[in-house]
Amino acid sequence: MGLLLKIFIPLLGAALAYYFYSASESFNEEMLRGKRVIVTGASSGIGEQMAYHLARMETHLLLTARTEAKLQKVVERCLELGAASAHYISGSMENPSFPEVVVREAENTWGGLDMLILNHIGYLGSDSFNYFNGNVGQVRKLMETNFLSYVAMTTSALPMLKESEGSIVVVSSIAGKVASPFIAAYSSTKFALDGFFSSLRHEFIIDKVNVSITLCILGYINTESAVQAISHVIRDTPAPKEECALEIIKSGALRQRELHYPRGLVRTMLLLRDIAPEFLDSLIRSRHHVENLK
């Protein structure tokens, strides 16, 4: 046993060092210049910041979200920043036909598509971060917006993405890898994204379809909606949405399998999930100030 530990511990250390610090491929903004990109959930938060980064890279943009007035302002700013072109289409992903409408708009405008960034999220309500109250209807509603619309948009966009050998970027969450309390409905949609798109990636490889799928596993980011929902219960410092948005774009351009952001925190949680799940569960529960739940 002693000899085994002497061999195992250095190997484990080397593996962890590689896991956390291995250099990634280099990103160049030229990779995206002139590319045709759909960004959903683009009126605020991470989606809005992605739109601005992509505009600076001189991409063609089609932005979508629920609120038309906000989208108009984002499009105006994108054009100021240097976007090759910028358009928007407003609507709700709760409408089962809307994903196809968005993709058809891209086809009519550009005749093709290079990157599909799926970032939108259903409205959870001010009391969404709480004990599950048995509202099955809310789960169904969130599955429609946070999961089924992602599947529908991917299905509609796939012929164009196959032609361009493009990329699908799925913005998900650590809540789709590691379970946490008070977000049962939301977490279920994120686990569903992981299962569907990871399975689809296998099928693409088997069928030699040259369309990449990047799953973005995000921690706590300082978007207005996230801070409003959980800052009174989890007092961690959120990571910056501007940097997060840029990392998402880079990971999609480099056709990476997964993005972990913030890298150290997310990767530590995934590691603990596999080697010490009960310890991780205890750690997660200890970070919640339950007395502050609304």
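To be clear, the structure that these remarks concern was listed above.
Residues numbered from 1 in each chain as written. Predicted model: local features only at pLDDT ≥ 70, side-chain atom pairs only at ≥ 80, totals over all residues. Heavy atoms only, no water.

Trainee: When you look at the overall build of the chain in this model, what are you seeing that I'm missing?
Mentor: Per the secondary structure count, the chain includes 10 helices and 7 strands. The 294 residues of the chain split such that 47% are buried. Look at the contacts in the chain between residues 6 or more apart in sequence, and 73% of them connect residues 24 or more apart. Accessible surface computed for the chain: about 14800 Å², of which carbon and sulfur atoms make up 55%. (Helix = DSSP H or I, 4+ residues; strand = E, 2+ residues; numbered from the N terminus. Buried < 20%, exposed > 50% of the residue type's maximum accessible area, 1.4 Å probe, protein only. Contact = heavy atoms within 4.5 Å. Areas by Shrake-Rupley, 256 points an atom, 1.4 Å probe, with all protein chains shown as cover.)

Trainee: Explain helix α4 (residues 98–110) here, please?
Mentor: In an α-helix, one full turn covers 3.6 residues, which means residues spaced three or four apart are oriented alike. The terminal C-alpha atoms of α4, which comprises 13 residues, lie 18 Å apart, in line with the 18 Å expected from a rise of 1.5 Å per residue. Among all positions in α4, only Phe98, Pro99, Val102, Val103, Ala106 and Trp110 are buried. Projected down its long axis, α4 shows its buried positions confined to an angular sector of 145°, all on one face. Looking at the buried positions of α4, the neighbouring elements they touch are β1 (36–40), β2 (60–65), β3 (85–90) and α5 (136–164). Gly111 sits one or two residues past α4 and shows a positive phi near 80°. (Expected span 1.5 Å × (residues − 1). Arc of directions from axis to C-beta.)

Trainee: What is the right way to look at the sheet that holds strand β7 (residues 258–261) in this model?
Mentor: In a beta sheet, neighbouring strands are held together by backbone hydrogen bonds and run either parallel or antiparallel to one another. Across the sheet, which stays open at both edges, the 7 strands sit in the order β3-β2-β1-β4-β5-β6-β7 with parallel pairing between neighbours. Lying at the two open borders of the sheet, with one neighbouring strand each, are β3 and β7. Neighbour-to-neighbour, the strand axes of the sheet open up by a mean angle of 15°, direction not taken into account. The pairing of strand β5 (residues 167–173) with strand β6 (residues 212–218) spans 7 bridges and is parallel. (Pairing = 2+ DSSP bridges. Axes fitted to C-alpha atoms, helices over the stretch in contact; angles between N-to-C directions.)

Trainee: Any chance you could explain the packing of aromatic side chains here in plain terms?
Mentor: Given two aromatic rings, one states the distance between the centres and the angle between the planes to describe the pair. All told, the structure shown has 4 aromatic pairs when counted by the stated rule. A centroid spacing of 5.0 Å and a plane angle of 85° characterise the contact between Phe196 and Phe197, whose relative ring orientation is edge-to-face. Aromatic rings pair up to connect Phe129, Tyr131 and Phe182 into one cluster. (Phe/Tyr/Trp six-rings, centres within 6.5 Å; stacked < 30°, edge-to-face > 60°.)

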